[in-house]
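Examination of the molecular architecture
Letter by letter, the chains look like this.
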Amino acid sequence: MTMASPARPAPEELVTVIITTSPTPSAPSTELLEQIAASFRKHCASLIHCRVIVVLDTYDHVSKKPRLKKGHVTPDSAAKYADYKANAKRLILKEYSSTERPYGTGDLVKAQEKAEFGSGAAAYASQDNAVVMNITTTKDGRVTFVEPVQRLGFGLAVRSALRMTVTPYVWIQQHDWALVTDIPLGPLLQIMQQHKAPPSAEQEDKENNEILPEAVRPPVEYVCFPSIRMMEYATSDHVMLYPALRALTQLHKQNFTVQSESEDGTAVISRVPLTPLFLWHDKPHLASTSHYLNQVFYSRIAIQRGAFIEDTVGHLARDEMKQGKWNKWACWLYYPDEGKHLCLRHLKGRTWRGIEAELAAKLEYMRLNGLDVNVQVPN
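Residues numbered from 1 in each chain as written. Predicted model: local features only at pLDDT ≥ 70, side-chain atom pairs only at ≥ 80, totals over all residues. Heavy atoms only, no water.

1. A look at the overall build of the protein chain
Looking only at helices and strands, the protein chain features 11 helices and 17 strands. Taking all 379 residues of the protein chain together, the buried fraction comes to 49%. Sequence-distant contacts, at least 24 apart, represent 74% of the contacts inside the protein chain between residues at least 6 apart. Total accessible area computed for the protein chain in this model is approximately 19300 Å², and 50% of it derives from carbon and sulfur atoms. (Helix = DSSP H or I, 4+ residues; strand = E, 2+ residues; numbered from the N terminus. Buried < 20%, exposed > 50% of the residue type's maximum accessible area, 1.4 Å probe, protein only. Contact = heavy atoms within 4.5 Å. Areas by Shrake-Rupley, 256 points an atom, 1.4 Å probe, with all protein chains shown as cover.)

The following block contains the structure:
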């Protein structure tokens, strides 16, 4: 008698979506988050059914000139941010509600955690290098909001959310990148499950006690998605100028094949194109939770408060990859149509002021330049 193979877990049970957001010129509007949610529904519906952790980061200084990457906001932006956070919570609870799981702001359970940073050396023993975070979570644990009392920055925001994650994989989502093409989340997760990083550059086949080189089964622990600057990445100067990176690309760039079953039990073959990526990018990506914590956040001093992963650990990773240590990081780029297919659109959160404000600015420009303000304004 043939035993049925166990059902494969649905993507939404394997992945937690981590959304990071912070002050933007468009606040208190949630239009950026709305566009992200709409892109999930259109191009990767499972992401709207996953667990979700939203880090509502804050600012460091109020100044006349905004420098959002440095945590500087104007008095107007600071005044609007509390309303933005309340609006963002309502939006996320609505988007992640279902008939079986309706959520409301009154259903949230409160807690507190700390995000430590800086050195653990004795010189800092008398200092509390940690940021208090106010945590609110739905009773079923599927929606969590993190509100630090001081600015974390993207790196610490991600680490804090990872520590609360109970799923083996995470989707990291900044608040101003939207999907523009379908993402094969299920097949990607199958590939990552089948190509976990071994404890060394070689892995053992326990059935015949042979050692298989990494080239046979390269690890897949992180998959990023191409933006306009990453088109045709495998043949770009980011790769071709470096002999080690060229060689790794020639060795590992491939179409991964995975098999699944349709609802009627028919076998479905999926081919997923991936190419090695030689930087740990901040833009939307899928990654192993444990790999992230062990590889990127290896100690409390890995990322300083206010820092970005890409600007710090990301470049350390690239330097090691140039030395041939790519498998240590196991970074890949989704590569449909040989890198000619765009997957992400940048919404320019640091400058975009919202639909109404952008339209008003265009109309004022037309008025000042003697143009007919009654004509349709191009997008």
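2. Looking at the environment of Thr 136
Tracing the chain through its elements places Thr 136 in strand β6 (residues 130-138). Remark: the alpha-carbon pair of Thr 136 and Asp 107, spanning 29 residues in sequence, is separated by 9.3 Å. If we ignore the near neighbours within four places in the chain, the residues touching Thr 136 are Lys 89, Leu 108, Val 109, Lys 110, Val 143, Thr 144 and Phe 145.

3. Re the pattern of salt bridges
Inspection of every chain in the model, using the stated rule, returns 11 salt bridges. For Arg 305, the salt bridge is made with Asp 60, and the minimal N-O distance between the two is 3.1 Å. Placement of Arg 305 in the loop between α8 (289-296) and α9 (313-322) and of Asp 60 in the loop between β2 (51-56) and β3 (61-62) is noted, with a sequence separation of 245 residues between them. For Arg 305, a relative accessible area of 30% corresponds to the partly exposed category. The partly exposed category is assigned to Asp 60, whose relative accessible area is 30%. The partner of Lys 89 in a salt bridge is Glu 147, and the shortest N-O contact between them spans 2.5 Å. Of the two residues, Lys 89 is situated in helix α3 (residues 75-95) and Glu 147 in strand β7 (residues 143-148); the sequence distance between them amounts to 58 residues. The two residues Lys 89 and Glu 147 agree in class, both being buried. Among the ionic contacts, a cluster of salt bridges with common partners joins Asp 60, Arg 151 and Arg 305. (Salt bridge = Lys/Arg side-chain N within 4 Å of Asp/Glu carboxyl O.)

4. Let's talk about the pairing of β2
Burial within β2 is extensive, with five of its six residues counted as buried. Here six bridges tie strand β1 (residues 15-21) to β2, and the two strands are oriented parallel to one another. Across the sheet, the residue bridging to Ile 18 is Ile 53, located in β2. In this view, the connection linking β1 to its parallel neighbour β2 by way of helix α2 (residues 31-43) has right-handed handedness. Summarising the sheet, β2 and β7 pair through four bridges and their orientation is parallel. (Pairing = 2+ DSSP bridges. Right-handed = clockwise from strand over helix to strand, strands pointing away.)

5. A closer look at the sheet that holds strand β5 (residues 108-116)
Pairing in this open sheet of 11 strands is mixed, and the strands run β5-β6-β7-β2-β1-β8-β15-β12-β16-β14-β13 from one edge to the other. The strands lining the two open edges of the sheet, one partner per strand, are β5 and β13 (254-261). Put simply, the sheet's adjacent strands are angled 25 degrees from each other on average, direction ignored. In this sheet, strand β16 (residues 331-334) lies alongside strand β14 (residues 267-276) in antiparallel orientation, the contact comprising three bridges. Bridge assignment links Leu 274 to a residue of β16, and that residue is Tyr 334. Packed onto the sheet, α2 meets β1 and β8 (169-174) and runs at close to 135 degrees relative to β8. Strand contacts of α8: β8 and β15 (285-288), with the helix running at about 85 degrees to β15, the strand carrying the most contacts. (Axes fitted to C-alpha atoms, helices over the stretch in contact; angles between N-to-C directions.)

6. Focus on empty space enclosed by the protein
Counted under the stated rule, the structure contains two cavities of 30 Å³ or more. When its volume is computed, the largest cavity comes out at roughly 50 Å³. For the largest cavity, the full set of lining residues is Ile 19, Leu 33, Ile 36, Ala 37, Phe 40, Ile 48, Ile 92 and Tyr 96. Looking at the lining of the largest cavity residue by residue, the classes come out as eight nonpolar, no polar and no charged. (1 Å grid on protein atoms, 1.4 Å probe; cavity = no way out; pocket = protein on both sides within 12 Å on 5 of 7 lines; lining within 4 Å. Points joined across faces, edges and corners; volume = space filled by probe spheres on them. Nonpolar A, V, L, I, M, F, W, Y, C, P; charged D, E, K, R; others polar.)

7. Some thoughts on the packing of aromatic side chains
Under the defined criterion, the tally for this structure stands at 12 aromatic pairs. Here Tyr 81 and Tyr 84 contribute two aromatic rings whose centre-to-centre distance is 5.6 Å and whose plane-to-plane angle is 20 degrees, an arrangement assigned as stacked. Of this pair, Tyr 81 and Tyr 84 both sit in helix α3, three residues apart, which is roughly one turn of the helix. When sorted by exposure, Tyr 81 lands in the same class as Tyr 84, which is buried. Connected via pairs of aromatic rings, a cluster forms that spans Tyr 222, Trp 280, Tyr 292, Phe 297 and Trp 329. (Phe/Tyr/Trp six-rings, centres within 6.5 Å; stacked < 30°, edge-to-face > 60°.)

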